[in-house]
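Descriptive analysis of the structure
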Amino acid sequence: MSDEATPGAPSMDDERWTPGMPVLDRQAVAPAQRDVQGRPLVPSRVPEAKPTPLQPWFIYLSIVGLVCGTIAITALNLGATIEDASVRLPVLLGGLMLVLVTVDAALRIWRSAFAWLPVDRGRGLFRFV
């Protein structure tokens, strides 16, 4: 405590000061930089700067791949051969959807790794793996 006036805090010549009350030096409270265990605080997510090209259709493409795989496996279980069109077409279409979804996910992970490097280097390097 001191008798010097601090910006924002009442001093003895301030009308807000009441006799008998101490004059406090007030400082802005810094945000907590550590959690309860003493570890540094790290955000749980980093915002995505630019969405991937297939992001709006990611779920729909995955559903098409799932349905195509189900059709092909069911046809094989019912006795169709691999040369039949009822197996080949769903496998080709589902395979194409799987490749598109995988490339889009890989691009998202790649961008995520670079976004995490300045925030938490360990998490960024882990995403490269």
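Check the entry above for the structure.
What you see is a predicted model, and the numbers here were worked out from it, not measured in a lab.

1. Remarks on the packing of helix H1 (residues 58–77) against helix H2 (residues 85–116)
- Direction vectors running N to C along H1 and H2 enclose 150°, while the axes themselves pass 8 Å from each other. Between H1 and H2, the angle falls in the class roughly antiparallel. For the pair H1 and H2, the sense of crossing is left-handed. Of H2, the residues touching H1 (which contributes Phe58, Leu61, Ser62, Val64, Gly65, Cys68, Ile71, Ala72, Ala75 and Leu76) are Ser86, Val87, Pro90, Val91, Leu93, Gly94, Met97, Val101, Asp104 and Ala105.
- Per-class residue counts for the contact of H1 with H2 are 15 nonpolar, four polar and one charged.

2. Points about the layout of surface pockets
- In this structure, the largest pocket occupies an estimated 200 Å³ of space.
- For the largest pocket, the full set of lining residues is Val46, Pro47, Glu48, Ala49, Lys50, Arg108, Arg111, Ser112, Ala115 and Trp116.
- Among the residues making up the lining of the largest pocket, the classes are represented as five nonpolar, one polar and four charged.

3. Things to note about the side chain of Thr52
- If you trace the backbone, Thr52 turns up in the segment before H1.
- Polar side-chain contacts of Thr52 include one of 2.9 Å to the side chain of Asp104.
- Beyond its immediate sequence surroundings of up to four residues, Thr52 is in contact with Asp104, Leu107, Arg108 and Arg111.

4. Digging into the packing of aromatic side chains
- A full pass over the atoms with the stated rule returns three aromatic pairs.
- Seen from their ring centres, Trp110 and Phe114 are 5.2 Å apart, and the 75° between their planes marks the pair as edge-to-face. Taken as a pair, Trp110 and Phe114 lie in helix H2 at a separation of four residues, close to a single helical turn.
- We classify Trp110 as partly exposed; its relative accessible area is 49%.
- For Phe114, a relative accessible area of 44% corresponds to the partly exposed category.

Reading guide: rules and limits
- Residues numbered from 1 in each chain as written.
- Predicted model: local features only at pLDDT ≥ 70, side-chain atom pairs only at ≥ 80, totals over all residues.
- Heavy atoms only, no water.
- Axes fitted to C-alpha atoms, helices over the stretch in contact; angles between N-to-C directions.
- Helix = DSSP H or I, 4+ residues; strand = E, 2+ residues; numbered from the N terminus.
- Parallel < 35°, antiparallel > 145°, perpendicular 65-115°, else oblique.
- Left-handed = near helix turned anticlockwise from the far one by under 90°.
- Contact = heavy atoms within 4.5 Å.
- Nonpolar A, V, L, I, M, F, W, Y, C, P; charged D, E, K, R; others polar.
- 1 Å grid on protein atoms, 1.4 Å probe; cavity = no way out; pocket = protein on both sides within 12 Å on 5 of 7 lines; lining within 4 Å.
- Points joined across faces, edges and corners; volume = space filled by probe spheres on them.
- Polar contact = N/O pair within 3.5 Å; in protein donor to acceptor, adjacent residues only side chain to side chain.
- Phe/Tyr/Trp six-rings, centres within 6.5 Å; stacked < 30°, edge-to-face > 60°.
- Buried < 20%, exposed > 50% of the residue type's maximum accessible area, 1.4 Å probe, protein only.

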